[in-house]
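# Structural overview for review
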Amino acid sequence: MNAFRRSALIGAGLAAALTAGVFVVGCGSDGATDTKASELSISGSYIPLPATPGGMGAGYLTVTNNGGGDDQLVKVSSPAAKSVTMHRSTGSTMEQADSLPVPAHGALKLERGGNHLMIMGWSKDPAVGDRLELDLTFAKGATITVQVPVQPLTYRPGS
Ligand SMILES: [Cu+2]
């Protein structure tokens, strides 16, 4: 990699980080849970309280893509847990996925009974009302940080 290309990449990364950072600060001040970066936005995020204290948890959210190009969710991590994996549901079974598609002018929905996140190794047992950070990385380079509320185990969006 030549020096010019290297610095261009670093510049792009910095710009993305700055954009995301500014937005997160804005979100924190008004208490909103939704975050936007470039053409991707996250909405409806929640983590149901794990059935066993400190046990395996799930994560649900919607990634909306207002852009004209397909993207992919390729990594999710959290400072609040050792492991966050993406799971694809196929009928009654599920399998770990390396990536999940975020179609152009479409959405990736992580929801009960469908694709979802699995979260293990909490640094502290989650409690209802906590907000836990998830860092989502996309194939085209966007990184979005969301503060996800912990909801009661039986919570359903819109209920
Ligand atoms: Cu799963």
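This one's a predicted model, so the numbers in the text were calculated from it and none came from an experiment.

Turning next to the overall build of the protein chain. What the protein chain contains, in helices and strands, is 1 helix and 11 strands. The order of helices and strands in the protein chain, counted from the N terminus, is α-β-β-β-β-β-β-β-β-β-β-β. The buried share of the protein chain, reckoned over its 159 residues, is 22%. For the protein chain, restricting intrachain contacts to residue pairs at least 6 apart in sequence, the fraction spanning at least 24 positions comes to 68%.

In this structure, Val63, Leu73, Val76 and Leu134 are the most contacted members of the largest nonpolar core, which totals 26 residues. Of all the secondary structure elements, the ones that give two or more residues to this core are β2 (40–48), β3 (57–65), β4 (71–77), β5 (81–90), β8 (106–110), β9 (116–122), β10 (131–138) and β11 (143–151). When neighbours within four sequence positions are excluded, Val63 is seen to be in contact with Leu40, Ile42, Leu73, Val102, Ala107 and Leu108.

Looking at the element boundaries, Gly158 is found in the segment after β11. Linking Gly158 and Gly44, residues 114 residues apart in sequence, is a C-alpha distance of 9.5 Å.

What follows is about the pairing of β5. Direction of pairing for β5 relative to β9: antiparallel, over a ladder of 6 bridges. Residue pairing in the sheet places Val84 in a bridge with Ile119 of β9. Bridge analysis of β5 against strand β6 (residues 93–97) gives 5 bridges, and the strand direction is antiparallel. Within β6, the position partnered with Ser89 by the bridge is Met94. Where β5 folds back onto β6 in an antiparallel hairpin, the turn is made up of 2 residues, including Gly91, whose phi is positive at roughly 65°.

Looking now at unusual backbone geometry. Although it is not a glycine, His105 adopts a positive phi angle of roughly 50°. With respect to the helices and strands, the residue His105 is situated in the loop between β7 (100–102) and β8. Residue His105 is classed as exposed on the basis of its 12 C-beta neighbours within 10 Å.

Right, let's talk about the environment of Pro48 for a bit. Mapping Pro48 onto the fold places it in strand β2. What makes Pro48 partly exposed here is the crowd of 19 C-beta atoms within 10 Å. In sequence terms Pro48 and Tyr155 are 107 residues apart; their C-alpha atoms lie 6.7 Å from each other.

Its location among the elements puts Leu134 in strand β10. Sequence separation between Leu134 and Gly59 is 75 residues; the distance between their C-alpha atoms is 9.3 Å. Ignoring sequence-local partners within four residues, the contact set of Leu134 consists of Gly59, Val76, Ser78, Val84, Val146 and Val148.

With that settled, the discussion passes to the confidence of the model for the protein chain. Averaged over all residues, the pLDDT of the protein chain equals 84, while 76% of them reach at least 70. Every residue in residues 10–33 is under pLDDT 50, and counting partners more than four places away or in other chains gives 21 contacts.

Here the focus is the pairing of β4. With 3 bridges connecting them, β4 and β7 associate as antiparallel partners. What sits directly across from Leu73, in β7, is Leu100.

Criteria and thresholds
Residues numbered from 1 in each chain as written. Predicted model: local features only at pLDDT ≥ 70, side-chain atom pairs only at ≥ 80, totals over all residues. Helix = DSSP H or I, 4+ residues; strand = E, 2+ residues; numbered from the N terminus. Buried ≥ 20, exposed ≤ 12 C-beta atoms within 10 Å, placed from the backbone. Contact = placed C-beta atoms within 7 Å. Core = buried A, V, L, I, M, F, W, Y, C linked by C-beta atoms within 7 Å. Pairing = 2+ DSSP bridges. pLDDT = per-residue confidence, 0-100.

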